[in-house]
Amino acid sequence: MELFGVSAVDWIGYAAMATVLISFIMKSVKKLRIVNSLGCLLFVFYGVILDPLSLPIIITNTAIFCINLYYLLQKKKV
């Protein structure tokens, strides 16, 4: 399936890229981590559906997602 000559797989990659880029314009660190996590999950999905699998994309974005999740779930110590 293609749209404007771009495959569905590539559209997922572009969506992941745009989401990660947009995350960096967030002023709130919490919002940045949430949006960035969504972009990372999209990149993991993109890496999985690529033929062949792209382990560097999967591993890197899984690690970044875990780091974001850790900081989002961490209770603030005052």
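No experiment lies behind these values; they were computed from the predicted model shown.

(A) Structural context of the packing of helix α1 (residues 8-23) against helix α2 (residues 29-49). Orientation of α1 relative to α2, taken along the N-to-C sense of each, is 160°, at an axis distance of 8 Å. Put simply, α1 runs roughly antiparallel to α2. The hand of the α1/α2 crossing is left-handed. Contacts between α1 and α2 pair Val9, Asp10, Ile12, Gly13, Ala15, Ala16, Met17, Thr19, Val20 and Ser23 from the former with Leu32, Val35, Asn36, Leu38, Gly39, Cys40, Leu42, Phe43, Phe45, Tyr46 and Ile49 from the latter. Its residues assigned to classes, the contact of α1 with α2 comprises 15 nonpolar, 5 polar and 1 charged.

(B) Region of interest: α2. With 21 residues, α2 ought to run about 30 Å at 1.5 Å a step, and its terminal C-alpha atoms sit 30 Å apart, in line with that. The complete set of buried residues in α2 reads Asn36, Ser37, Gly39, Cys40, Phe43, Val44, Tyr46 and Gly47. For α2, the capping residue at the N-terminal end is Ser28, with a side-chain oxygen 3.3 Å from the backbone nitrogen of Lys30.

(C) Expanded view of the packing of aromatic side chains. Taken as a whole, this structure holds 3 aromatic pairs when the rule is applied. Considering the side-chain rings of Phe43 and Tyr46, the 6.4 Å spacing of their centres and the 70° angle between planes classify their relative orientation as edge-to-face. Highlighted residues: Phe43 and Tyr46, both in helix α2, separated by 3 residues, approximately one helical turn. Arranged with centres 5.1 Å apart and planes meeting at 80°, the rings of Tyr70 and Tyr71 form a pair that is edge-to-face. The partly exposed category is assigned to Tyr70, whose relative accessible area is 48%. Judged by its relative accessible area of 44%, Tyr71 falls in the partly exposed class.

Rules of the game
For every chain, the first residue of the written sequence is number 1, and numbering continues from 1 along that sequence. Where totals are concerned, whole chains, interfaces and linings use all residues; where local detail is concerned, this predicted model gives features only for residues with pLDDT of at least 70, and gives and counts side-chain atom pairs only at 80 or more. Note that water and hydrogens are dropped before the side-chain values are worked out from all heavy atoms of the structure. Each axis is a line fitted through C-alpha atoms, taken for helices only over the stretch in contact, and angles between the N-to-C directions span 0 to 180 degrees. Counting from the N terminus, the helices are DSSP H or I runs at least four residues long and the strands are E runs at least two residues long. For classification purposes, angles smaller than 35 degrees are called roughly parallel, those larger than 145 roughly antiparallel, those between 65 and 115 roughly perpendicular, and all remaining angles oblique. Two helices that cross are described as forming a left-handed crossing if the nearer one is turned anticlockwise from the farther one by less than a right angle, and a right-handed crossing if clockwise. Residue contacts follow a heavy-atom distance rule, with two residues in contact if any of their heavy atoms lie within 4.5 Å. Each residue receives one of three labels: charged for Asp, Glu, Lys and Arg, nonpolar for Ala, Val, Leu, Ile, Met, Phe, Trp, Tyr, Cys and Pro, and polar for the others, Gly being one of them. Under the convention used throughout, the expected extent of a helix is 1.5 Å for every residue step, that is, one less than its residue count. For the exposure calls, accessible area comes from a 1.4 Å probe over protein chains only, and a residue counts as buried if that area is under 20% of its type's maximum, exposed if over 50%, partly exposed in between. Side-chain atoms alone can form a polar contact between residues adjacent in sequence; in general such a contact is a pair of N or O atoms within 3.5 Å, and within protein one must be able to donate a hydrogen while the other accepts it. Ring geometry is summarised as follows: Phe, Tyr and Trp rings, the Trp one being its six-membered ring, pair when their centres sit within 6.5 Å, and such pairs are stacked at plane angles under 30 degrees, edge-to-face over 60 and tilted between the two.

Bear in mind that shape data such as this cannot, by itself, settle questions of function.
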